[in-house]
Amino acid sequence: MTLQQAWNTSFAASPQSAWRDAVRGMQEDVLFILAEDGATVSGAVWKTNPGRVVSVGSSQAEEIEAREAEWNVHEIWVFVDSAGTIQGWMKTIDLYRHFYQVYKERQAYYSLELETVFNTSYDMFYISDGQGITQRVSPSAERIYGYKPEDLVGKSIYELERTGVFRPSITRLVLERKEKVQVVQTTGLGGRLMVVGTPIKDEQGNIIRVVNFCRDISEERRLQAELEDARELLEGYKQELRKLSEMTAKEAGLIYKSEAMKQVITLAGKMAEVDSTVLILGESGVGKEVVASYIHQNSQRRDKPYIKLNCSAIPEHLLESELFGYEKGAFTGATKEGKPGLFELANEGTLFLDEIGELPLSLQVKLLRVLQEHELVRIGGTKPIKIDVRIIAATNRNLQEETRQGRFREDLYYRLNVVPVHIPPLRERTDDILPLVIFFRYRFTKKYKKEKTFSQEVLDCLHLYRWPGNVRELQNIVERLIVITDQDVIEAHHLPEMLHYVQPSATKVSVTDILPLKSAVELLERQLLGMAKEKYGTTTKMAEALGVDQSTISRKLGRWKL
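Residues numbered from 1 in each chain as written. Predicted model: local features only at pLDDT ≥ 70, side-chain atom pairs only at ≥ 80, totals over all residues. Heavy atoms only, no water.

### Notes on the packing of aromatic side chains
Counted by the stated rule, this structure contains 17 aromatic pairs. Between Y126 and Y145, the ring centres sit 6.4 Å apart and the planes meet at 75°, which makes this aromatic pair edge-to-face. Note that Y126 is positioned in strand β8 (residues 124–129) and Y145 in the loop between α4 (141–144) and α5 (149–152), a separation of 19 residues in sequence. Judged by relative accessible area, which is 2%, Y126 ranks as buried. Exposure remark for Y145: the relative accessible area of 4% places this residue in the buried category. On the basis of an interplanar angle of 25° and a centroid distance of 6.3 Å, the ring pair of F444 and Y448 is categorised as stacked. Taken as a pair, F444 and Y448 lie in helix α16 (residues 433–448) at a separation of four residues, close to a single helical turn. By relative accessible area, F444 is classed as buried at 3%. An aromatic cluster of three or more residues is present, and its members are W71, Y96, F99 and Y103. Over the ring of W46 we find K91, and its NZ or CZ is 4.9 Å from the ring centre. The residue whose ring lies beneath K366 is F324, and the NZ or CZ to ring-centre distance is 4.5 Å. (Phe/Tyr/Trp six-rings, centres within 6.5 Å; stacked < 30°, edge-to-face > 60°. Helix = DSSP H or I, 4+ residues; strand = E, 2+ residues; numbered from the N terminus. Buried < 20%, exposed > 50% of the residue type's maximum accessible area, 1.4 Å probe, protein only. Lys NZ or Arg CZ within 6 Å of the ring centre and 35° of its normal.)

Written as structure tokens, this is what we have:
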């Protein structure tokens, strides 16, 4: 029953000056005496006892429960609406009776809810008394322990622990430690439970109940194993994606066949998956910028800015403003609006700093602060600006030697050298030369609309040349030959002069200087063994390729310490 259903609506009201006359002919159960303002109830008179004025409390219905401490101050309580109009009334004793019934109904409802949770929960509740005697167990005990609740109630947890129903007994641990305990428990069926044991104490601090909440984590362990399998499968997919990335790398200008470059691209693919600073090392023209672009395009930042800066191409006095920007009026010639630097323009993206070894020492300090603090201050400014930029740096210098010579900060070197990626020169990965020639031939014949092909002799010459300028030099040579050669087939005599000295003989062995015959044989033997080892890996395959016994290969490798 609601409060509105319980209150009495039999009442009359009278001003303070006329209540005695009003009470004589009153038919209602009670007369409320109104104060001079005509709204406040100052007292009440019972129909059955008109000579006695009783105290009256006033409240809105939704507030009365919260004012329980005030109930016994008054004999009657009136209930008013938001405008102060009386809606009904109750004797205080009836108010207590009403809410007592409400509390009983709530308690019964809550008990029903708890009982439903107790009996239907997938997890298990296990309740014992202060002596460790089982009082109640939820039905899920049959699935978890293999015993029905009625088989456990009344049993000592010490006895159940000894017989192997569960180990350890969490109730025993709670009684011993006199505090809440959380422990993994093993069941007699081989399952594993995560059990939280909570003590309930009386006013003297004695434990009268121990309530255990038990969750079966055996399934979670199985799911954990499945998760590990899924992770391994995911790693397999990642490897396949890397292979796919290698297959489609031509679109990014990555042309390679050698094992050395495969390792470089594999490492670059791994770096694309994380956000670490990358330092790309290698001679001029090996493709450092191409690898940097590949890392960005395959990273989470692929849709964000990718800014490139060659540190050697900008004068020192302009380099600082290019990198860090400047505030308006920072120096003579500065724009009125100021200008953001490349770090700000690359925010949330990638900044590629090529030829980082050329960066002046004065700017190396500021770059180090950006890498450490992820913030910068513009020239002429005082306010730090937070940035989120991934740095990829590249150099053809030996930065370790530069640090020893004092031309490069050691702390900046170690901050940049988180993951070094070394790109070998083209002369050390000759397997890449012909694929690159084919790629550049296709690009430039399409660009200049000239269909050209290379003779086999030209391809052999290109393959044997040392390429001191690396891929950039190869690209330039191919472009030059496509542009200036009139014939459809490019022959050896069309090659630049420096390539004439490497024209191959029929024996594939080239002699460019006079040396003792024994030394020449030893030099050739070492070169052949080194090439065969790099290409085939095992002595068996090396012996087969070189036409000798495996023991001969092993002996000669030992001789030359290869």
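From this point, the narrative continues.
### Some words on the sheet that holds strand β20 (residues 419–422)
The strand order across the open sheet built from five strands is β15-β16-β19-β14-β20, with neighbouring strands paired in parallel fashion. If you trace the sheet from one side to the other, it starts and ends with β15 (306–310) and β20, each paired once. Each neighbouring strand pair of the sheet contributes to a mean axis angle of 20°, computed without reference to strand direction. Relative to strand β16 (residues 350–354), β15 is paired through five bridges, and the arrangement is parallel. Looking at the pairing, N310 lines up with D354 of β16. (Pairing = 2+ DSSP bridges. Axes fitted to C-alpha atoms, helices over the stretch in contact; angles between N-to-C directions.)

### A short note on a nonpolar patch on the surface
On the surface, a cluster of nonpolar side chains totalling about 280 Å² of accessible area is made up of L524, L528, L546 and V548. If you trace the backbone, L546 turns up in helix α20 (residues 539–546). (Patch = residues over 30% accessible without salt bridge, like charges linked within 9 Å, V, L, I, M, F, W, Y side chains within 5 Å. Areas by Shrake-Rupley, 256 points an atom, 1.4 Å probe, with all protein chains shown as cover. Salt bridge = Lys/Arg side-chain N within 4 Å of Asp/Glu carboxyl O.)

### Digging into the nonpolar core
By size, the foremost hydrophobic cluster in this structure holds 29 residues, and its most contacted members are L323, F343, L351, L353 and I356. Looking at this core, the elements that each hand over two or more residues are β15, α11 (316–324), α12 (342–345), β16, α13 (361–373), β19 (390–395) and α15 (410–416). The dominant element in this core, judged by the number of residues it contributes, is α13, at five residues. In this structure, F343 is in contact with L323, F324, L351, L367, V370, L376, I387, V389 and I391, ignoring residues within four places of it in sequence. One finds I433, F444, Y465 and I477 within the second-largest nonpolar core, a separate group that totals 24 residues. (Core = buried A, V, L, I, M, F, W, Y, C linked by side-chain atoms within 4.5 Å. Contact = heavy atoms within 4.5 Å.)

### A look at the environment of E348
Its location among the elements puts E348 in the loop between α12 and β16. We classify E348 as partly exposed; its relative accessible area is 40%. For the pair E348 and D388, spaced 40 residues apart in the sequence, the C-alpha separation amounts to 5.0 Å. With residues near it in sequence (within four places) discarded, E348 still touches R301, K304 and D388. In this structure the side chain of E348 is engaged in a polar contact, spanning 3.5 Å, whose partner is the side chain of K304. (Polar contact = N/O pair within 3.5 Å; in protein donor to acceptor, adjacent residues only side chain to side chain.)

### Quick look at the pairing of strand β6 (residues 76–80)
Taking burial as the measure, the five residues of β6 include five buried ones, the bulk of the element. Alternating residues of β6 divide into I76, V78 and V80 and W77 and F79, and every residue in both groups is buried. Sheet analysis places β6 next to strand β7 (residues 86–91), joined by five bridges and oriented antiparallel. By the bridge assignment for β7, V80 is matched with I86. The antiparallel pairing of β6 with β7 creates a hairpin that spans five residues between the two strands, and G84 there sits at a positive phi of about 90°.

### Describing the pattern of salt bridges
Evaluated as defined, the whole model comprises 31 salt bridges. Residue R106 is joined to E65 by a salt bridge in which the shortest nitrogen-to-oxygen separation is 2.9 Å. A residue pair is termed long-range when its members are at least 10 positions apart, and R106 in helix α3 (residues 92–120) and E65 in the loop between β5 (56–59) and β6 qualify at 41 residues. With relative accessibility at 26%, the residue E65 sits in the partly exposed group. The salt bridge partner of E283 is R427, with a shortest N-O separation of 2.5 Å. With E283 in the loop between β14 (278–281) and α10 (288–297) and R427 in the loop between β20 and α16, this residue pair connects regions lying 144 residues apart in the sequence. For E283, a relative accessible area of 28% puts it in the partly exposed group. Take R427: its relative accessible area is 28%, and that puts it in the partly exposed class. Here the residues in one salt-bridge network are E358, R397, E402 and R407, joined through shared partners.

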